[in-house]
Amino acid sequence: MPASDAEAFNSDRTSENRLLLSLKSVSKTYITGDVSVPVLRDVDLEIYPGEFLVIVGPSGSGKSTLLNIVGGIDVPSSGDVYFYSQNLSQFTEMELTRYRRKHIGFVFQFYNLVPTLTARENVIVSADISESPMSPDKALELVGLEHRTDHFPSQLSGGEQQRVAIARALVKNPELLLCDEPTGALDLNTGRMILEVLGNLNRELGMTVVIITHNSAIGEMAERIIRIGSGTIAETKVNSHPVAANQVTW
Ligand SMILES: Nc1ncnc2c1ncn2[C@@H]1O[C@H](COP(=O)(O)OP(=O)(O)OP(=O)(O)O)[C@@H](O)[C@H]1O
């Protein structure tokens, strides 16, 4: 990022400029038999508390791998991941599980709801394994689904299912909401509604939101856009005029 942009971004955050999470020289290589696939190479990344960050890159560039490492689902082959001052790379399996449960909310492209549970029950399951959850009804209200709580996933549209998935993530009161192609299975208008929900959670609850996507248009509503290519960070841009979700188009 150009020095002036970085300074402006940091000075805007004054008391908030303590990093929430940082990756230091993170590399990841998958090894299957004799084949090794280098996916991330020496990635340095910073995530600030309360920011709305979009990471864009083409298919296969390593976005999901990066998000999984940030979320403690996967571990780097080398390098360190700090959550505040704690080094995730030194966590035991149990400590990583606790990190995921307490601090991270995940939203995926294909919702991953339990089909035999209602919207409310899907959210309750997540609340039940959390240390300080909000009420499931409150989470469903925050995504605008208070009238559909007793419906099963098959009785809901794709956009509504994604809102249940967001409620399931946010009921845990996570510090970091990680979204992997959250609009990838939705049409433009429904996708915008999902982005609006994510934008509201960021503005109104101060929740840190990270979206990874191949769709660079979504970057228009971010405060910062990181472009990833072939496993490295190709560009970091501060967006001084993020647009509203209903202005994003693709
Ligand atoms: N568990 C794994 N074992 C081996 N290779 C893997 C594994 N996970 C990912 N890869 C490889 O790593 C590369 C990057 O994958 P990744 O899913 O991180 O990219 P991506 O940018 O999220 O792609 P997409 O947008 O298509 O989901 C791909 O070549 C993929 O095949």
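Worth saying up front: this structure is predicted, and the values here are computed from it rather than measured. (Residues numbered from 1 in each chain as written. Predicted model: local features only at pLDDT ≥ 70, side-chain atom pairs only at ≥ 80, totals over all residues.)

Turning to the overall build of the protein, a few remarks are in order. Each helix and strand in the protein was counted, giving seven helices and ten strands. Taken over C-alpha atoms, the radius of gyration comes to 18 Å for the protein, in line with the 18 Å a tight globule of 250 residues would show. On the principal axes, the C-alpha backbone points of the protein span a range of 45 × 45 × 35 Å. For the protein, buried positions account for 40% of its 250 residues. A sequence separation of at least 24 residues applies to 69% of the contacts in the protein between residues at least 6 apart. (Helix = DSSP H or I, 4+ residues; strand = E, 2+ residues; numbered from the N terminus. Rg over C-alpha atoms; globule rule 2.2 N^0.38 Å. Buried ≥ 20, exposed ≤ 12 C-beta atoms within 10 Å, placed from the backbone. Contact = placed C-beta atoms within 7 Å.)

On to the UniProt feature "domain: ABC transporter" (unreviewed entry) in the protein. As recorded in UniProt, the feature "domain: ABC transporter" (unreviewed entry) lies at residues 21–247. A helix fraction of 30% and a strand fraction of 29% characterise residues 21–247, whose end C-alpha atoms lie 29 Å from each other. (UniProt positions renumbered as here; feature names shortened; annotations may be inferred.)

Here the focus is helix 6 (residues 158–170). Here helix 6 contains 13 residues, and its C-alpha end-to-end distance of 18 Å stays within 8% of the 18 Å for a straight helix at 1.5 Å per residue. Residues of helix 6 that are buried include every one of Glu160, Gln161, Gln162, Arg163, Val164, Ala165, Ile166, Ala167, Arg168, Ala169 and Leu170, and no others. (Expected span 1.5 Å × (residues − 1).)

A few words on the pairing of strand 9 (residues 224–229). Taken together, the four bridges between strand 3 (residues 52–56) and strand 9 define a ladder with parallel strand orientation. Bridge assignment links Ile55 to a residue of strand 9, and that residue is Ile226. In this sheet, strand 10 (residues 232–238) lies alongside strand 9 in antiparallel orientation, the contact comprising six bridges. Of the residues in strand 10, the one forming a bridge with Ile226 is Thr236. (Pairing = 2+ DSSP bridges.)

Before going further, it helps to spend a moment on the nonpolar core. Ile55, Ala167, Leu170, Leu177 and Val209 are the most contacted members of the largest nonpolar core, which totals 64 residues. If we ignore the near neighbours within four places in the chain, the residues touching Leu177 are Gly105, Val107, Ala169, Leu170, Leu201, Met207, Thr208 and Val209. (Core = buried A, V, L, I, M, F, W, Y, C linked by C-beta atoms within 7 Å.)

Regular strands have side chains that alternate between both faces of the sheet. Where strand 6 (residues 104–107) lies against strand 7 (residues 176–180), four bridges are found, and the strand directions are parallel. The residue of strand 7 that forms the bridge with Val107 is Cys179. Across five bridges, strand 7 lies against strand 8 (residues 208–213) in parallel orientation. For Cys179, the partnering residue across the bridge sits in strand 8 and is Ile211. Once you follow strand 7 into helix 7 (residues 188–205) and on to strand 8, the crossover reads as right-handed. (Right-handed = clockwise from strand over helix to strand, strands pointing away.)

Our next topic: the site of the ligand. In the vicinity of the ligand, 13 residues are found, and the nearest of them are Tyr30, Ser59, Lys63, Ser64 and Thr65. Elements with a contribution of two residues or more to the shell around the ligand: strand 1 (21–32), strand 2 (35–47) and helix 2 (63–70). At three residues, the largest contribution of residues to the shell around the ligand is made by helix 2. Here the shell around the ligand is built from residues that sort into three nonpolar, nine polar and one charged. (Near = placed C-beta within 6 Å. Nonpolar A, V, L, I, M, F, W, Y, C, P; charged D, E, K, R; others polar.)

Another aspect to go through is the packing of helix 4 (residues 119–128) against helix 6. At a minimum axis separation of 8 Å, helix 4 and helix 6 run at an interaxial angle of 25°. Considering the angle they form, helix 4 stands roughly parallel to helix 6. Where helix 4 crosses over helix 6, the two elements pack in a sense that is right-handed. Across from Ala119, Asn122, Val123 and Ser126 in helix 4, the residues of helix 6 making contact are Val164, Ala167 and Arg168. Of the residues belonging to the contact of helix 4 with helix 6, the class tally is four nonpolar, two polar and one charged. (Axes fitted to C-alpha atoms, helices over the stretch in contact; angles between N-to-C directions. Parallel < 35°, antiparallel > 145°, perpendicular 65-115°, else oblique. Left-handed = near helix turned anticlockwise from the far one by under 90°.)

Here we take up the sheet that holds strand 1. Within a beta sheet, neighbouring strands are joined by backbone hydrogen bonds and run either parallel or antiparallel to one another. Ordered by their spatial adjacency, four strands build an open sheet running 2-1-4-5, and the pairing between neighbours is antiparallel. In this open sheet, the two strands that pair with only one neighbour each are strand 2 and strand 5 (86–87). Taken together, the five bridges between strand 1 and strand 4 (residues 78–83) define a ladder with antiparallel strand orientation. Across the sheet, the residue bridging to Ser22 is Tyr82, located in strand 4.

Here Leu20 is to be found in the loop between helix 1 (3–13) and strand 1. Taking the C-alpha atoms as reference points, Leu20 and Thr208, 188 residues apart in sequence, are found 8.9 Å from one another. Aside from chain neighbours lying at most four places away, what touches Leu20 is Ile47, Tyr48, Pro49, Tyr84, Glu175, Leu176 and Thr208.

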